[in-house]
Amino acid sequence: MSGTFVGMPSFPRAAKEAVHNKTLRGNLRHATHTIRDKRAKAVAELADWAELREAGKQIKDHTLRHLDRYLVQLEERVTAAGGTVHWAADADEANRIVADLVKATGESEVVKVKSMATQEIGLNEALEAEGIAAYETDLAELIVQLGDDRPSHILVPAIHRNRAEIRDIFRTKMADWGRAAPDGLTDIPADLAEAARLHLREKFLRAKVGISGANFMVAETGTLVVFESEGNGRMCLTLPETLISVVGIEKVVPSWRDLEVFLQTLPRSSTAERMNPYTSTWTGTADGDGPKTFHLVLLDNGRTGTLADEVGRQALRCIRCSACLNVCPVYERAGGHAYGSVYPGPIGAILSPQLRGTQSEIDASLPYASSLCGACYEVCPVAIDIPEVLVHLRERVADQGGKGHRLEKAAMKAAGWVLDHPGVLGAGERAASKTRRLHPSKLPGAGAWTRSRELPEMPAEPFRDWWKKNRKPKPDGKKP
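Going by what an unreviewed UniProt entry lists, the protein chain is known as LutB/LldF family L-lactate oxidation iron-sulfur protein and is assigned to Streptomyces niveus.

See below:
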């Protein structure tokens, strides 16, 4: 798969190119509007949605406050159930652990359940460098992998592709990865799904190692949970002899009772379904049932640092439903690739700069990839105040300095001084009015702002002077 998101341009430059792609914008508009309309209907069916949303928020906040305790409990329960727990401080360590575990089995290929965490750390590329082939089995992820592409949506990674494009990818690329596409393949959805099923079935039956993430981990029992809609996840979780799960440390919840809340909110917010089609759970290993060996790799990779930020830590509540992407006017026009991260859209704009830092050009630009309209906050099932975090991160970026921010800081300081001295302000206004015919229509040095805006025409007389002349008291002492 191409694109590790390193060295990509900043969001403004990437988005500028994306918005001129009419096919992309059409695909995104159709898909996001369809998903969000269905979601709105599904959510409206629950009279207690607001209470469920608040409950989800409280559960996640409580867990994050006591994360150390619940992670230790999780490790104890997984180990007691026959699993092995590994701790990975960063992407390199996680990739090394997984690669070593796969090589220890003697296998050279693995099947994968859709996983944001493994995309985050670039696991497929790391395994490829070790001579191990990783096969994506989620339909959308398969499309992305065959097309040598990158995911552009959390829930629907191939949302930027239409049916004709998918047909062409299957026709030209499937044979390179295994079973070829059927002759005369059409772009009818059922035909495309059948081609994928036939292609993947031989991989499911052959693979000895499966790799997954998890939507949730239940601390009280050491149980991992995966939500999915196609059944491919269950094939990966049950057929291989060895299962390796790479999961962010924030995915833990204290109890099964807590999980009940998310069983209601996640399906409705993501796929607009009342109930998840496939909910797979596993606790360690069991004789004659599922994998013989289970490894859990708990991934930090910037999460502990994010947890230390009192404002930014709410991003760790995210349950990856993608509802915020489907209502975001910026995402709808720019698409997911412009964000330069496996986490696109509003949640990516606050999560990626915290996990990766704001030193790079692209990460420093992400907090500005928003209109701050608040639509993302309104649909979030765990009430993440994304606009609040965006403003918080913008302040962090500004504090780093840089040419643009230094000039802005100097300009604001100068403006503050002028506003504190009315005499200077008045003299400046009169000078500006007298020289108004010489003023440019665009503000010099502010091209990004004035490219589609013109400076307002300066009046012939400053307002302060007009007020003094026209609001003087009459002889009887009354104002005009």
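That covers the picture; the talk isn't over yet.
S.K.: Mind showing me how you'd approach the overall build of the protein chain here?
M.R.: The helix and strand tally for the protein chain stands at 23 helices and ten strands. Within the protein chain, the proportion of its 480 residues that are buried is 49%. If you take every contact in the protein chain between residues at least 6 apart in sequence, the share linking residues at least 24 apart comes to 74%. Total accessible area on the protein chain stands at roughly 23300 Å², and carbon and sulfur atoms take up 54% of it. Across the protein chain, the mean location of the 64 positive side-chain charges is 10 Å away from that of the 62 negative side-chain charges.

S.K.: It is not clear to me how the sheet that holds strand E7 (residues 242-248) should be interpreted in this structure. Could you clarify?
M.R.: The pairing of strands in a sheet comes from backbone hydrogen bonds and takes either a parallel or an antiparallel form. Taken in spatial order, the six strands line up as E1-E10-E7-E4-E2-E3 in an open sheet, and their pairing is parallel. The open sheet has two free edges, formed respectively by strand E1 (84-88) and strand E3 (133-136), since each of these has just one partner strand. Put simply, the sheet's adjacent strands are angled 25° from each other on average, direction ignored. In this fold helix H4 (residues 67-80) packs onto E1 and strand E10 (293-299), with an angle of close to 145° to the strand it touches most, E1.

S.K.: How should the packing of helix H2 (residues 22-44) against helix H12 (residues 256-270) be read in this particular structure?
M.R.: Each pair of packed helices gets described by two things: the angle between the helix axes and the distance between those axes. Between H2 and H12, whose axes approach to 7 Å, the crossing angle comes to 145°. Side by side, H2 and H12 meet where Ile35, Arg39, Ala42 and Val43 of the first sit next to Arg268, Ser269 and Ser270 of the second. A breakdown of the residues in the contact of H2 with H12 according to their chemical character gives three nonpolar, two polar and two charged.

S.K.: How should I be thinking about the packing of aromatic side chains in this particular structure?
M.R.: We describe a pair of aromatic rings using the distance from one ring centre to the other and the angle between the two ring planes. In total, this model carries eight aromatic pairs according to the counting rule given. Look at Phe11 and Tyr339: their rings are 4.8 Å apart centre to centre, the planes differ by 50°, and that puts the pair in the tilted class. Residue Phe11 is found in helix H1 (residues 11-18), and its partner Tyr339 is found in the loop between helix H15 (329-334) and helix H16 (345-356); the two are separated by 328 residues along the sequence. Residues Phe11 and Tyr339 agree in their burial class; the two are buried. Arranged with centres 6.0 Å apart and planes meeting at 25°, the rings of Phe463 and Trp466 form a pair that is stacked. With a gap of three residues between them, Phe463 and Trp466 both fall in helix H23 (residues 463-470), about one helical turn apart.

S.K.: Would you mind showing me how to read H16 here?
M.R.: Residue pairs three or four apart in sequence face the same way in an α-helix, which turns once every 3.6 residues. Look at H16: 16 Å from first C-alpha to last across twelve residues, which is about the 16 Å you get at 1.5 Å a residue. Among the twelve residues that make up H16, eleven are buried, leaving the element largely enclosed by the rest of the structure. If you check which residues of H16 are buried, you get Gly345, Pro346, Ile347, Gly348, Ala349, Ile350, Leu351, Ser352, Pro353, Gln354 and Leu355.

S.K.: Sorry, what's going on with empty space enclosed by the protein here?
M.R.: Any empty space left between the atoms is revealed when a probe the size of a water molecule rolls over them. Per the stated rule, a full pass over the model turns up two cavities of 30 Å³ or more. In this structure, the largest cavity encloses a volume near 110 Å³. As for the largest cavity, its lining consists of 13 residues, and the residues nearest its centre are Cys318, Cys321, Cys324, Cys380 and Ile384. Partitioning the lining of the largest cavity into residue classes produces eleven nonpolar, one polar and one charged. Looking at the second largest cavity, it is lined by 14 residues, and the ones nearest its centre are Cys328, Pro346, Ser370, Cys373 and Cys376. For the lining of the second largest cavity, the secondary structure elements donating two or more residues are H15, helix H18 (375-379) and helix H19 (386-399). Per element, the largest residue contribution to the lining of the second largest cavity is three residues, and it comes from H19.

S.K.: It is not clear to me how the side chain of Arg317 should be interpreted in this structure. Could you clarify?
M.R.: Structurally, Arg317 is set in the loop between helix H13 (303-307) and helix H14 (323-327). At 2.8 Å, the side chain of Arg317 and the side chain of Asp61 are in polar contact. Those residues within four positions of Arg317 in sequence are excluded, and the remaining contacts are Lys57, Lys60, Asp61, Leu64, Val382, Ala383 and Ile384.

S.K.: Looking at this structure, I do not really get unusual backbone geometry. What am I missing?
M.R.: The bulk of non-glycine residues show a negative phi, and the bulk of peptide bonds are trans. Phi is positive for Asp148, close to 50°, though the residue is something other than glycine. Judged by its relative accessible area of 43%, Asp148 is partly exposed. Backbone geometry at Ser322 places phi at a positive 75°, although glycine is not the residue there. Among the residues examined, Ser322 registers a relative accessible area of 2% and is labelled buried.

S.K.: How do you make sense of the UniProt feature "domain: LUD" (unreviewed entry) in the protein chain when you look at a structure like this?
M.R.: UniProt's feature table lists "domain: LUD" (unreviewed entry) at residues 73-298, given in the numbering used throughout. Counted over residues 73-298, helix gives 43% and strand 20%. Its end C-alpha atoms are 13 Å apart.

S.K.: In this structure, what is going on with the state of the cysteines? I would like to understand it.
M.R.: Defined simply, a disulfide is a covalent bond joining two cysteines at their sulfur atoms. Under the counting rule described, the total for this entry stands at zero disulfides. Cys321 carries a free sulfur, and the closest cysteine sulfur to it, the one in Cys380, is 6.2 Å from it.

S.K.: Help me understand the environment of Pro387, please; the structure alone is not making it clear to me.
M.R.: Following the sequence through the fold, Pro387 ends up in helix H19. Using a relative accessible area of 15% as the deciding quantity, one classes Pro387 as buried. Sequence separation between Pro387 and Asp300 is 87 residues; the distance between their C-alpha atoms is 25 Å. Setting aside chain neighbours within four positions, we find Pro387 in contact with Leu372, Gly374, Cys376 and Tyr377.

S.K.: Teacher, can you tell me more about the sheet that holds strand E8 (residues 252-253) here?
M.R.: Overall, mixed pairing links the four strands, which are arranged E8-E5-E6-E9 in an open sheet. Edge positions in the open sheet fall to E8 and strand E9 (278-282), since each of these has one partner strand only. Strand direction decides the pairing type here: strand E6 (residues 223-228) and E9, joined by five bridges, are antiparallel. The partner of Leu224 across the bridge, within E9, is Trp282. The sheet strands contacting H12 are strand E5 (216-218), E6, E8 and E9, and the helix crosses E6 at an angle near 10°.

S.K.: How should the environment of Ala369 be read in this particular structure?
M.R.: Positionally, Ala369 belongs in the loop between helix H17 (361-365) and H18. For Ala369 and Leu139, which are 230 residues apart along the polypeptide, the C-alpha to C-alpha distance reads 29 Å. Leave out the neighbours within four places in its chain, and Ala369 touches Phe11, Val330 and Tyr339.

Procedures and definitions
- Residues numbered from 1 in each chain as written.
- Predicted model: local features only at pLDDT ≥ 70, side-chain atom pairs only at ≥ 80, totals over all residues.
- Heavy atoms only, no water.
- Helix = DSSP H or I, 4+ residues; strand = E, 2+ residues; numbered from the N terminus.
- Buried < 20%, exposed > 50% of the residue type's maximum accessible area, 1.4 Å probe, protein only.
- Contact = heavy atoms within 4.5 Å.
- Areas by Shrake-Rupley, 256 points an atom, 1.4 Å probe, with all protein chains shown as cover.
- Lys, Arg positive; Asp, Glu negative; His and termini not counted.
- Charge placed at Lys NZ, Arg CZ, Asp CG, Glu CD.
- Pairing = 2+ DSSP bridges.
- Axes fitted to C-alpha atoms, helices over the stretch in contact; angles between N-to-C directions.
- Nonpolar A, V, L, I, M, F, W, Y, C, P; charged D, E, K, R; others polar.
- Phe/Tyr/Trp six-rings, centres within 6.5 Å; stacked < 30°, edge-to-face > 60°.
- Expected span 1.5 Å × (residues − 1).
- 1 Å grid on protein atoms, 1.4 Å probe; cavity = no way out; pocket = protein on both sides within 12 Å on 5 of 7 lines; lining within 4 Å.
- Points joined across faces, edges and corners; volume = space filled by probe spheres on them.
- Polar contact = N/O pair within 3.5 Å; in protein donor to acceptor, adjacent residues only side chain to side chain.
- UniProt positions renumbered as here; feature names shortened; annotations may be inferred.
- Disulfide = S-S within 2.5 Å.

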